[in-house]
Each structure stands twice: as structure tokens, then as C-alpha cells.
Amino acid sequence: MGRDIALRNLFRKVFVAGGFEDPREGDDPSQKIRKTRVPVVEFGAALMIGMGHTQERMEQEEVECLIANMIYKNLMKGYISRTHNMVVLNKKGAFSGTGI
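Residues numbered from 1 in each chain as written. Predicted model: local features only at pLDDT ≥ 70, side-chain atom pairs only at ≥ 80, totals over all residues. Heavy atoms only, no water.

## Topic: the packing of helix α1 (residues 2-17) against helix α2 (residues 40-51)
- Their axes nearest at 10 Å, the elements α1 and α2 cross at an angle of 125°. Of the possible angle classes, the one that applies to α1 and α2 is oblique. Our pair here, α1 against α2, has a crossing hand that is right-handed. Contacts between α1 and α2 involve L7, L10, F11 and V14 from the former and E42, F43, A46 and L47 from the latter.
- Across the contact of α1 with α2, the residue classes break down as seven nonpolar, no polar and one charged. (Axes fitted to C-alpha atoms, helices over the stretch in contact; angles between N-to-C directions. Helix = DSSP H or I, 4+ residues; strand = E, 2+ residues; numbered from the N terminus. Parallel < 35°, antiparallel > 145°, perpendicular 65-115°, else oblique. Left-handed = near helix turned anticlockwise from the far one by under 90°. Contact = heavy atoms within 4.5 Å. Nonpolar A, V, L, I, M, F, W, Y, C, P; charged D, E, K, R; others polar.)

## Regarding the sheet that holds strand β1 (residues 37-39)
- The strand order across the open sheet built from three strands is β1-β3-β2, with neighbouring strands paired in antiparallel fashion. Of all the strands in the sheet, just β1 and β2 (78-81) have a single pairing partner and so form its edges. Each strand of the sheet is rotated relative to its neighbour by a mean of 25°, with strand direction disregarded.
- The pairing of β1 with strand β3 (residues 86-89) spans three bridges and is classified as antiparallel. Bridge assignment links R37 to a residue of β3, and that residue is V88.
- Its contacts with the sheet put helix α3 (residues 60-72) on β2 and β3, and the angle it makes with β2 is roughly 155°. (Pairing = 2+ DSSP bridges.)

The structure is reproduced here in C-alpha cells:
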């Protein structure tokens, strides 16, 4: 369970680092919305840095498997879009228990 929490926190940092969406016309500029579509390669890059790998790359299927397990265990809320190579996260409460 400790490894799962560490992975969730790493993935949450990737999500937070993604920033906010640009406000659209008619939207309240004070209501900032986080970008909810995150490329799978960004999660893979974070995993490689976190594990200390600098030369070899992680397979995309391995990264998707870790993300799918996090979603299955309700540590992340969203889904993987394989056609676009993106993870689409819930706008409200994407990471349970963290307030984000």
C-alpha cells in the first residue's frame, strides 16, 4: 500500500504541474480549471526520474498498466484514452484523499 500512495503522489504532482486551462469567452477568470488531459508520456517521464533511470525508457504499456491499477484501486479518478495516448482525469477530486 505504501508504494501505491507514493505512486499516487507522484502522479498527482504531474497533474498539478500541468497547470490550468486557458479561460474561454464568458467564463469567470477567477474560476481556474486544471488541465484534465495529461499525456501518458508525462507520467512515464516522472516515473523514470523518480526511479533514477536516465538512459532506458519505460514501455508505454507498463506506464498504462500502473495508471490502470491506480484507477482500479480508486486512488485516481479518470480513464486512459489509448487512441490519443492521454489520461483524462476527473475535474473534481481526481486524486482521492488529497483535496485535488
